[in-house]
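Here's the letter readout for the chains.
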Amino acid sequence: MSRVADKVVLVTGAGSGIGRATAALLVAEGATVIVSDINRAGGLETVQQIGGKARFEDHDTAQEADWKRIIDGILEREGKLNGLVNNAGIAGPFPATFETETVEQWQKILSINVQGVFLGCKYSVPALRQSGGGSIVNTSSLAALVGTPDLSAYGASKGAVRQFTKTVAMDCARKGYKVRCNSVHPGIIMTPMGEGILPDEKKRDRMRKHIPLGEFGAPEDIAYGILYLISDESRFVTGTELVIDGGMNAI
Ligand SMILES: NC(=O)c1ccc[n+]([C@@H]2O[C@H](COP(=O)([O-])OP(=O)(O)OC[C@H]3O[C@@H](n4cnc5c(N)ncnc54)[C@H](O)[C@@H]3O)[C@@H](O)[C@H]2O)c1
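Rules and cut-offs
- Residues numbered from 1 in each chain as written.
- Predicted model: local features only at pLDDT ≥ 70, side-chain atom pairs only at ≥ 80, totals over all residues.
- Heavy atoms only, no water.
- Near = heavy atom within 4 Å.
- Polar contact = N/O pair within 3.5 Å; in protein donor to acceptor, adjacent residues only side chain to side chain.
- Areas by Shrake-Rupley, 256 points an atom, 1.4 Å probe, with all protein chains shown as cover.
- Helix = DSSP H or I, 4+ residues; strand = E, 2+ residues; numbered from the N terminus.
- Nonpolar A, V, L, I, M, F, W, Y, C, P; charged D, E, K, R; others polar.
- Pairing = 2+ DSSP bridges.
- Axes fitted to C-alpha atoms, helices over the stretch in contact; angles between N-to-C directions.
- Contact = heavy atoms within 4.5 Å.

K.L.:
Give me the lowdown on the site of the ligand, citing residues and values where you can.
P.N.:
Ser16, Asp37, Asn87, Tyr154 and Thr191 are the nearest of the 29 residues found near the ligand. A distance of 3.4 Å separates a nitrogen atom of the ligand from a polar backbone atom of Ile38. With respect to the ligand, the side chain of Thr191 contributes an N or O atom lying 2.5 Å from an oxygen atom. Taking 830 Å² as the accessible area of the ligand by itself, protein coverage stands at 92%. Elements that contribute at least two residues to the shell around the ligand include exactly helix H1 (17-28), helix H5 (152-174) and helix H6 (192-197). Counting residues per element, the shell around the ligand draws most heavily on H6, which supplies 3 residues. Within the shell around the ligand, the residues separate by chemical class into 11 nonpolar, 15 polar and 3 charged.

K.L.:
Report on the sheet that holds strand S3 (residues 54-58), specifying residues and quantitative values.
P.N.:
Ordered by their spatial adjacency, 7 strands build an open sheet running S3-S2-S1-S4-S5-S6-S7, and the pairing between neighbours is parallel. Single-partner strands in this sheet number two, and they are S3 and strand S7 (241-244). Ignoring which end each strand starts from, the neighbouring axes of this sheet average 20 degrees apart. Sheet topology places strand S1 (residues 8-12) next to strand S4 (residues 83-86); 3 bridges connect them, and they run parallel. What sits directly across from Leu10, in S4, is Leu84. Contacting S1, strand S2 (32-37), S3 and S4, helix H3 (residues 64-77) runs over the sheet at an angle of about 155 degrees to S3. Where H5 meets the sheet, its contacts fall on strand S5 (134-139), strand S6 (179-186) and S7, and the angle it forms with S6 comes to roughly 160 degrees.

Printed below as a string of structure tokens:
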């Protein structure tokens, strides 16, 4: 299969979890993937695991200068950019209610989860346009759609990503940019982040009872949704939100 044949796609936070699975699936479906992460060891491991058409970039998504360097480098080396997966994110300490959250922690979470996504859209859109159009996928969360009393800054950050995605989608559409922008909303996925929030089997068993399909998601479950949104199969889809959560949001 080659659902994204010859596309050049940047995946942030691809040194682990959902980003790694997404990078692997995109390469398997014919894309060239730039794996970026603040964690060099994880990013290099991803490239080594998937082999083929992937390379690594050191990237702190909260830093404007990193975005300029990486997007310019892609246009220079690969000659085009067809897709961006704004996946990098942090959850912060758990639990963190709005009463215990510190300003420093709040700002750190928003600088990566929201500012990182803003910068990604800002710097990728000119490159996507120059390449004939493209697709941006922003990784939000089920946390954008429900209250998250134990992850207060995280929930706020993902709500911002959901809304900002629609803003970018509508702005690009009205300007005729041929750039689509959509968000994905994972439920509880077993990655280092998910495992950190649910460290022991007792807590996991309790949480499973709230998932209609009865199990946590795997990184690949999200990667398949992102693959669809990056591919031309979704050419009529923009400003939407794809919830992949085992049914939790439907309860
Ligand atoms: N795992 C879940 O249950 C879940 C649920 C909903 C949404 N999400 C979202 O999915 C995305 C991926 O999460 P995951 O579960 O794979 O987590 P993960 O911790 O396994 O991977 C996140 C990756 O992002 C990288 N990263 C962190 N800060 C960065 C920065 N400033 N610049 C660049 N890279 C940075 C980390 O080094 C890591 O490799 C996140 O945006 C997360 O909020 C995850």
